[in-house]
Amino acid sequence: MATRSPLSPAINPIEENRQGIIGKPLDRVDGPLKVTGRAKYSYEYRGVKDTTYGFIVGSTIGKGRISAIDTSRAESAPRVLAVVTYQNAPKQAPLHPREPGPSRFDRSEPFLFSPEVRYFGEPVALIVAETFEAARHAAGLVSVRYVKDPQAKFDLMTHQSQAYKPKGVNAGMKADTSEGDFDGAFASAAVKIDVTYHLPHEHSMPMEPHATQAVWEGDHLTLYSGQQVAAWAQSSVAKTLQLPLENVRILTPYVGGGFGSKVPIHAQAVLAALGAKVVRRPVKIAQTRPQMFANTNHRPECLQRMRLGATKDGTLTAIAHDVWSQTTPFDEFIEQTAAFSRVMYAAPNRFHRHWGVMLDLPTSDIMRAPGEEPGSVAQECGMDELAVALDMDPIELRIKNEPTDDPETHLPFSSRSLVECYREGAQRFGWSKRPKRPGTLRDGRWLVGYGVASAMFPTYLRPSAAAVRLNADGAAIVKTDMTDIGTGSYTVLTQVAAESLGLPTDKVTVELGDTRLPKSAGSGGSFGAASAGSAILLACEQLRSQIAQLVSKDRRSPLAGANVGEVALRGGNVVAGEKSESLQAVLSRLAPSGIEGKGEHQGAEKQPKYSSHVFGAQFAEVGVDIDTGEIRVRRMLGVFGSGRILNPKTARSQLIGGMIMGIGAGLTEESVVDPRDGSFVNRDLAEYHVPVHADVTQIEAICLEEKEPYANPLGIKGLGEVGIVGVAAALANAVYNATGVRVREFPITLDKVLGGLPDTIAT
Amino acid sequence: MIPFTYERAADANSAAKAAAQPGAKFIAGGTNLLDLMKLEIERPAHLIDITRLPLRQIEAKDGGVRIGAQVPNSDLAAHPLIRDRYPVLSKALLAGASGQLRNKASTGGNLLQRTRCYYFYDTSKACNKREPASGCAALQGFNRIHAILGASDSCIAVHPSDMAVALTALEASIETMLPDGSKRTLPIGELHRLPGDTPHIETTLHPGELITAVVLPPPPPGNQTYRKVRDRASYAFALISVAAIVRVEAGRIRDSRIALGGVAHKPWRALDAERALRGKPASMESFANAARAALRSAKSYGGNDFKIPLAHRVLTRTLAEVAGIEGAA
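Residues numbered from 1 in each chain as written. Chains lettered and ligands numbered in written order. Predicted model: local features only at pLDDT ≥ 70, side-chain atom pairs only at ≥ 80, totals over all residues. Heavy atoms only, no water.

**As for the overall build of chain B**
Stated precisely, the cut-off is as follows: Numbering of helices and strands starts at the N terminus; helices are DSSP runs of H or I of at least 4 residues and strands are runs of E of at least 2. Computation of the radius of gyration draws on C-alpha atoms, with the globule rule given as 2.2 Å multiplied by the number of residues to the power 0.38. Relative accessibility thresholds used throughout: buried, under 20% of the residue-type maximum; exposed, over 50%; partly exposed, between the two (1.4 Å probe, protein chains only). Throughout, a residue-residue contact means that at least one pair of heavy atoms, one from each residue, lies within 4.5 Å. Exposure was quantified through the Shrake-Rupley algorithm and a 1.4 Å probe, taking into account, for residues, occlusion by the shown protein chains and nothing else.
Within chain B, the secondary structure is distributed over 12 helices and 12 strands. Taking 20 Å as the expected radius of gyration for a compact globule of 329 residues, we find that chain B reaches 20 Å, a close match to that expectation. With the C-alpha coordinates aligned to their principal axes, the bounding extent of chain B is approximately 60 × 50 × 35 Å. Looking at chain B as a whole, 58% of its 329 residues are labelled buried. Taking the contacts inside chain B whose residues are at least 6 apart along the sequence as the reference set, 63% of them involve residues at least 24 apart. Accessible area of chain B: about 12,700 Å², with a carbon and sulfur share of 51%.

**With respect to the layout of surface pockets**
Gaps left between atoms show up when a probe the size of a water molecule is rolled over them. Applied cut-off: Buried and open spaces are told apart on a 1 Å grid over the protein atoms alone, a cavity being a set of points where a 1.4 Å probe fits but cannot get out and a pocket being an open set with protein on both sides within 12 Å along at least five of seven lines. Residues with an atom within 4 Å of a point are the lining residues. Grid points are joined across faces, edges and corners, and a volume is the space filled by probe spheres set on the points. Basically, the charged four are Asp, Glu, Lys and Arg, the nonpolar ten are Ala, Val, Leu, Ile, Met, Phe, Trp, Tyr, Cys and Pro, and anything else, Gly included, counts as polar.
Of the voids in this model, the second largest pocket is the one considered here, and its volume is about 840 Å³. Taken together, 35 residues line the second largest pocket, and the ones lying closest to its centre are Glu670(A), Val672(A), Val673(A), Glu745(A) and Phe142(B). Residue assignment for the lining of the second largest pocket shows that the elements contributing at least two residues are strand E10 (191-199), helix H17 (648-668), strand E32 (673-674) and helix H19 (750-754) of chain A together with helix H8 (118-121) of chain B. Classifying every residue of the lining of the second largest pocket by side-chain character gives 15 nonpolar, 10 polar and 10 charged.

**As for the sheet that holds strand E5 (residues 64-68) of chain B**
Strands in a sheet are paired, the pairing made by backbone hydrogen bonds, and the direction either parallel or antiparallel. Residue and element names in this part refer to chain B. Going by this rule: At least two bridges found by DSSP between two strands are what make those strands a pair. Axis lines are fitted through C-alpha atoms, for helices just across the contact stretch, and the angle between N-to-C directions can take any value from 0 to 180 degrees.
Read across the open sheet, the 5 strands follow the order E4-E5-E8-E6-E7; overall the sheet is antiparallel. The sheet is open, and its two edges are formed by strand E4 (58-61) and strand E7 (183-187), each paired on a single side. In this sheet, adjacent strand axes meet at a mean angle of 25 degrees when their direction is disregarded. Looking at chain direction, strand E6 (residues 173-177) and strand E8 (residues 210-216) are connected through 5 bridges and run antiparallel. Paired with Met177 across the two strands is Leu210, which belongs to E8.

**Topic: the pattern of salt bridges**
All names here are of chain A. Here is the rule: In what follows, salt bridge is the name for a side-chain nitrogen of Lys or Arg lying within 4 Å of a carboxyl oxygen of Asp or Glu.
Enumeration according to the criterion identifies 73 salt bridges over all chains in this entry. Between Arg65 and Glu116 there is a salt bridge, with the nearest N and O atoms lying 3.2 Å from each other. One end of the pair, Arg65, is in strand E2 (residues 64-70); the other, Glu116, is in strand E4 (residues 116-117), and 51 residues separate them in sequence. On the accessibility criterion, Arg65 (38% relative accessible area) is partly exposed. Its salt-bridge partner being Arg398, residue Glu380 comes within 2.7 Å of it at the nearest N-O pair. In this pair, Glu380 sits in helix H11 (residues 372-390) while Arg398 sits in helix H12 (residues 394-400), placing the two residues 18 residues apart along the sequence. By relative accessible area, which is 0% here, Glu380 ends up buried. Each of Arg104, Arg107, Glu109, Asp331 and Asp365 takes part in one network of salt bridges that share partners.

**A closer look at helix H15 (residues 528-553) of chain A**
Convention followed: The span one expects for a helix is its residue count, reduced by one, times 1.5 Å.
Taking 1.5 Å of rise per residue, 26 residues should cover 38 Å, and H15(A) covers 38 Å from first to last C-alpha, within 8% of that figure. Among the 26 residues that make up H15(A), 21 are buried, leaving the element largely enclosed by the rest of the structure.

**Here's the deal with the interface of chain A and chain B**
For clarity, the cut-off: When two components associate, each loses some accessible surface as probed by a 1.4 Å sphere; the sum of these losses over both components is called the buried area. Polar contact is defined as a pair of N or O atoms within 3.5 Å, subject to the rule that within protein one atom must be able to donate a hydrogen and the other to accept it, and that residues adjacent in sequence are counted only when both atoms are side-chain atoms.
Of the residues lining the interface, 43 residues belong to chain A; the matching set on chain B comes to 44 residues. Here chain A packs against chain B, burying approximately 3,500 Å² in sum over the two surfaces, 56% of which is carbon and sulfur. When the buried surface of chain A facing chain B is broken down by residue, Arg136(A), Glu687(A) and Ile761(A) rank first, second and third, together holding 15% of it. Here Asp627(A) makes a salt bridge to Arg317(B), at a shortest N to O gap of 2.4 Å. Taken together, chain A and chain B are joined by 19 residue pairs in polar contact (both at pLDDT 80 or more). Where the side of chain A that touches chain B is concerned, the elements lending two or more residues are helix H4 (132-139) and H19 of chain A. No other element matches H19(A), which puts 3 residues into the side of chain A that touches chain B.

**Notes on the confidence of the model for chain B**
Applicable threshold: Confidence of the predictor in every single residue is expressed as pLDDT, which spans 0 to 100.
Across chain B, the average pLDDT comes to 97, with 99% of residues at or above 70. Here the complex is predicted with pTM 0.98, and the ipTM for its interfaces comes to 0.97.

**Quick look at the sheet that holds strand E1 (residues 5-8) of chain B**
All names here are of chain B. With parallel pairing, the 3 strands of this open sheet are ordered in space as E1-E3-E2. Pairing within the sheet leaves two strands with one partner each, and these edge strands are E1 and strand E2 (24-27). Between one strand and the next, the sheet's axes are offset by a mean angle of 25 degrees, whatever the strand orientation. In this structure, E1 lies alongside strand E3 (residues 46-49), joined through 4 bridges in parallel fashion. Bridging from a neighbouring strand, Thr5 pairs with His46 of E3. Helix H1 (residues 12-19) rests against E1, E2 and E3 of the sheet, and its axis sits at about 140 degrees to E2.

**Side note on empty space enclosed by the protein**
Residues and elements named next belong to chain A. Applying the stated criterion across every chain, the model contains 7 cavities of 30 Å³ or more. Its boundaries defined by the atoms lining it, the largest cavity holds a volume of some 240 Å³. Lining the largest cavity are 22 residues, with Glu109, Phe111, Tyr119, His266 and Thr363 sitting closest to its centre. For the lining of the second largest cavity, the per-class residue count stands at 8 nonpolar, 7 polar and 4 charged.

**So, the packing of helix H11 (residues 284-294) of chain B against helix H12 (residues 307-322) of chain B**
Residue and element names in this part refer to chain B. Rule in force here: For classification purposes, angles smaller than 35 degrees are called roughly parallel, those larger than 145 roughly antiparallel, those between 65 and 115 roughly perpendicular, and all remaining angles oblique. Note on convention: the crossing is left-handed when the near helix lies turned anticlockwise from the far helix by less than a right angle, right-handed when the turn is clockwise.
Two elements in contact, H11 and H12, have axes separated by 8 Å at closest approach and are oriented at 135 degrees. Here H12 runs oblique to H11, going by the angle between their axes. Like other packed secondary-structure pairs, H11 and H12 cross with a definite hand, here right-handed. Where H11 approaches H12, its residues Met284, Phe287, Ala288, Ala290, Ala291, Arg292 and Ala294 are matched on the opposing element by His312, Leu315, Thr316, Arg317, Leu319 and Ala320. The residue makeup of the contact of H11 with H12, split by class, is 9 nonpolar, 2 polar and 2 charged.

**Focus on the environment of His298(A)**
Residue and element names in this part refer to chain A. Looking at the secondary structure, you find His298 in strand E16 (residues 298-299). Residues His298 and Ala129 lie 169 residues apart in sequence; the distance between their C-alpha atoms is 30 Å. Discounting residues that sit within four places of it in the chain, His298 has contacts with His201, Glu202, His203, Gln326, Pro362, Thr363, Ser364, Asp365 and Phe680. There is a polar contact of 2.8 Å between the side chain of His298 and the side chain of Gln326.

**Description of the packing of aromatic side chains**
Residues and elements named next belong to chain A. Put simply, the rule is: Any Phe, Tyr or Trp ring, taking Trp's six-membered ring, that has another such ring centre within 6.5 Å forms a pair; planes under 30 degrees apart are called stacked, those over 60 apart edge-to-face, and the others tilted.
Taken as a whole, this structure holds 22 aromatic pairs over all chains when the rule is applied. For the pair Tyr45 and Tyr224, a centre-to-centre distance of 4.3 Å together with 35 degrees between the ring planes defines the contact as tilted. On the criterion of sequence distance, the pair formed by Tyr45 in the loop between helix H2 (31-35) and strand E1 (52-58) and Tyr224 in strand E13 (residues 220-225) is long-range, its members being 179 residues apart. Comparing Tyr45 with Tyr224 shows no difference in burial state: the two are buried. Plain terms: the ring middles of Trp431 and Phe619 are 6.0 Å apart, the flat faces sit at 80 degrees to each other, and that makes the pair edge-to-face. One end of the pair, Trp431, is in the loop between helix H13 (418-429) and strand E21 (442-443); the other, Phe619, is in strand E30 (residues 611-625), and 188 residues separate them in sequence. Three or more aromatic residues joined by ring pairs form one cluster here, namely Tyr422, Phe429, Trp431, Tyr450 and Phe619.

**Side note on unusual backbone geometry**
Residue and element names in this part refer to chain A. Put simply, Phe746 and Pro747 share a cis peptide bond, and its omega is -5 degrees. One can find Pro747 in the loop between helix H18 (727-739) and H19. Its identity is not glycine, yet Gln242 carries a phi of approximately 55 degrees, on the positive side. In this structure, Gln242 sits in the loop between helix H7 (230-241) and strand E14 (248-251). The phi dihedral of Ser526 is positive, around 55 degrees, even though this residue is not glycine. Here Ser526 shows up in the loop between strand E25 (508-511) and H15.

**Concerning the state of the cysteines**
Residues and elements named next belong to chain A. Here is the rule: Two cysteine sulfur atoms make up a disulfide if the distance between them is within 2.5 Å.
In total, this model carries 0 disulfides over all chains according to the counting rule given. For Cys381, which is in no disulfide, the shortest distance to another cysteine sulfur is to Cys302 and amounts to 12 Å. We classify Cys381 as buried; its relative accessible area is 1%. No disulfide involves Cys703; its sulfur sits 8.8 Å from the nearest other cysteine sulfur, which is in Cys421.

**Section: the confidence of the model for chain A**
When the pLDDT values of chain A are averaged, the result is 96; 98% of them are 70 or greater. Between residues 1-5 of chain A, whose pLDDT stays under 50, and residues either more than four places distant or in other chains, the model counts 15 contacts.

**Some thoughts on the nonpolar core**
Threshold: Throughout, nonpolar core names a set of buried Ala, Val, Leu, Ile, Met, Phe, Trp, Tyr and Cys residues whose side chains join them through atoms within 4.5 Å.
Of all hydrophobic cores here, the largest spans 147 residues; its most connected members are Leu386(A), Phe619(A), Met636(A), Leu731(A), Phe746(A), Ile748(A) and Leu319(B). Ignoring anything within four residues of it in the chain, the contact list for Ile748(A) reads Ile631(A), Gly666(A), Leu667(A), Ala732(A), Val735(A), Val743(A) and Val753(A). Ile14(A), Tyr41(A), Leu461(A) and Ala498(A) belong to the second largest nonpolar core, which has 49 residues in total.

This is the structure in structure tokens:
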């Protein structure tokens with residue numbers, strides 16, 4: 001029987017932290033496996049002898065239908081086992097309805113089910129062959145004829161006027177919210193700005209491509225597939241293939257990055273299963289880097305109009321945030337971009353609204369900090385523009401408008417240290433050295449500027465279960481289908497279990513990423529550590545309680561008769577007051593075959609009493625080459641109020657990883673659509689520019705001491721996403737401070753500032 | 001990828017002979033060719049591996065340097081002779097690609113790498129270079145990285161090499177071996193072609209002709225530099241690059257060598273700019289005039305409009321810096 005919510009164990013060992021394991025910078029426990037190549041990723045499994053290889057053939061039109069498909073040359077190519085198209089694919093469930101149900105990620109996702117082409121690069125055929133090379137060769141031998149749809153739409157700006165109002169937006173949020181009289185307040189505001197920001201499509205591009213190996217045994221299917229949430233993948237695959245849930249097993253013990261793109265299942269997972277069914281042998285498929293641009297999720301292009309009105313002393317009176325973002329005719333994803341501005345600043349008159357623009361592109365979906373990242377650009381650049389209009393320090397403007405409660409829900413914040421983050425950051429960063437006037441600080445050929453922006457991400461808690469087994473030798477095994485996508489889950493969950501059980505960390509083994517293990521929330525929404533960790537805490541509490549009852553009733557134990565509620569696990573011993581017995585002795589006598597505890601909780605309360613988020617302040621210093629407009633980051637500092645830190649090393653890695661990805665959002669990343677056919681143009685990592693080492697010079701992330709009493713029993717806040725939020729805005733504001741050029745079109749590449757640079761050359 | 005056969009060449013002459021057969025191609029580091037083969041942009045039926053040929057020497061010769069065609073880019077960049085006497089070449093090499101790629105990429109292969117035009121890389125798009133007479137998707141497409149000099153209505157692609165830009169300024173020559181065993185030497189300026197209406201023909205090499213060495217003449221007097229402008233700090237192709245060698249005497253420009261990258265279908269020797277500079281005072285005005293001369297025939301295509309003012313600015317500034325003139329700003 002599992003310990004269920006409420007989420008308050010009798011004793012909270014994480015709170016007490018007697019062993020000091022919580023907050024220790026423990027090295028990654030999976031590090032040695034990774035650096036020696038023994039941590040296997042989906043494509044690397046060789047356990048199955050007769051594995052075959054799949055290669056996806058993508059459409060070469062953006063929208064239309066297949067009028068003829070000739071697979072004969074491919075079928076007769078050497079070592080080819082099968083060519084699967086919509087004409088011969090095994091039966092699948094119909095495509096999910098367009099409007100998302102309770103979860104976008106738990107639904108049927110068929111491929112090769114129709115001659116219709118919905119987007120450029122959509123799979124139109126799957127080759128299965130004895131070798132990868134044979135499969136790839138045969139892919140080039142499939143000949144497809146199409147009828148193009150002349151009504152196809154690919155460009156956001158062109159079709160913005162055809163926007164529609166969605167019923168809701170991602171993360172279960174409302175499309176529109178409002179309070180007070182914005183129009184009146186804005187009209188009468190003493191100082192105001194009305195600006196529109198344009199953000200491009202972006203792709204997650206994890207280092208590990210999306211890859212799956214499918215193995216059928218009778219009507220049971222095992223997928224080795226890099227996924228962020230094992231249970232959703234299992235359920236989506238079962239629904240797509242119309243199998244009972246228990247017939248599908250997902251194995252995803254190691255994942256080479258996700259950033260949201262491995263929360264849904266993608267073409268290769270379904271196609272591997274279909275191909276394996278056809279050839280009656282295992283099939284593995286890895287998407288190529290160019291294929292990943294069409295067949296994994298991207299952050300959608302959006303337009304954001306930001307209006308801010310203030311009194312002369314900088315008190316905000318009106319906020320309006322309107323967002324138009326790309327979605328598709330066959331699937332609705334509306335990024336919750338206007339949600340950021342709902343939480344940040346006080347203002348009595350406000351609205352925050354979303355529209356969708358249906359384009360014939362691949363479906364957009366969650367990418368690191370969906371909503372908060374793009375939303376922070378308009379809000380936080382908008383605040384900078386307002387600060388300029390007010391001739392006010394941008395930090396002081398933010399502090400002036402710090403709300404006393406959540407401006408949207410009017411719930412109290414469970415904890416909010418934004419002002420402290422700004423104060424601490426300003427001091428550490430040397431904010432006082434910021435040039436007061438743009439374009440006035442030079443360092444050789446570099447124009448230098450400083451910028452700041454706020455970061456925010458909600459603190460979610462989702463239902464999760466875990467089992468913890470103690471063997472008679474005193475070693476613990478933690479089991480949950482939680483994933484580690486490079487974040488450090490193995491490590492921090494080891495720490496939670498070790499501290500809870502009073503064991504050293506090397507006595508704890510964590511098993512993850514297998515749907516046969518207790519179901520967790522997985523990795524996404526920065527809820528992983530809190531959700532799975534809380535379940536582990538509860539499982540350990542249940543173990544403690546079982547052990548307490550055993551020793552209390554056992555006359556041979558020095559703890560006989562002890563009050564069960566006072567028995568604790570500490571330092572490898574079972575203790576109660578002054579009395580103590582070694583855990584190993586207790587177990588070998590009273591539970592020689594080991595003992596298991598289970599923990600399960602139902603996630604956050606349906607009617608929360610607090611508004612819970614991590615807040616932070618992003619500081620950036622950039623240099624802009626006075627001749628060429630090349631923008632280079634000189635320094636970045638992020639300061640976060642993030643509750644208890646389980647492991648400062650993995651926390652810092654998460655935060656600076658997010659900040660580095662934010663450099664991409666601000667300065668380099670853009671998936672360009674060719675409006676003639678809806679293809680992404682720059683489909684490789686030579687031309688889709690993620691930041692490289694040389695782009696990242698001095699970067700630091702600091703977590704302030706903060707107590708988070710309500711969000712979860714661990715007192716933590718997820719850090720996987722907040723690091724990226726606000727970075728693009730801080731960089732844009734720094735570019736303005738350096739040059740006086742306000743760029744509202746992202747990413748900020750040199751061509752966008754070039755025209756505003758001083759005429760240093762006798763042109 | 002199309003199936004192909006493979007042989008390892010025993011010597012330069014047999015390699016050239018084998019490569020003269022239809023569908024045959026040399027492979028050295030493979031840093032570009034393998035990618036293109038996977039995408040079926042290159043479809044050789046037969047590969048001749050030349051990596052084991054004895055072409056890895058860097059040797060001083062007649063006051064210059066002879067560089068074997070198989071010398072890896074990283075070895076060349078680090079060689080004391082190059083660093084001391086040809087810093088423009090060392091800098092250009094180190095501005096290109098990544099450490100891993102430079103370890104694999106050869107001197108000869110670098111010269112022959114193919115354009116990074118997005119539409120050349122996408123076999124679903126029209127590209128006269130990939131498929132003659134199919135059209136050019138870049139002309140009306142996303143052409144931010146494309147040519148501003150010497151392009152044609154058939155092709156606006158640019159040559160991606162940094163090394164070749166420096167070699168152009170250094171007036172390097174290319175030694176080759178032909179299938180009949182004869183050798184020839186050609187100036188680097190005659191190796192690459194402008195697109196005209198045959199953009200698929202990129203060099204003047206004959207079938208099977210093997211690059212065996214690159215020869216640098218003695219370095220011209222003057223200061224050398226290489227400046228590369230790009231979208232991120234490393235691992236990005238040049239939007240504009242400048243290789244410049246300038247000799248100033250008594251405040252006047254005695255001589256200069258200027259080549260541009262990222263602007264044309266070949267490394268672009270800016271002879272007009274060199275002529276404009278000769279004998280002029282070493283001043284910002286002279287350098288701006290030279291930049292104007294270099295870009296007189298420049299033409300842009302929408303997405304790359306910014307490249308003309310960018311080229312003007314970076315060329316002017318680079319010349320000023322290499323001449324030791326403090327800028328006006």
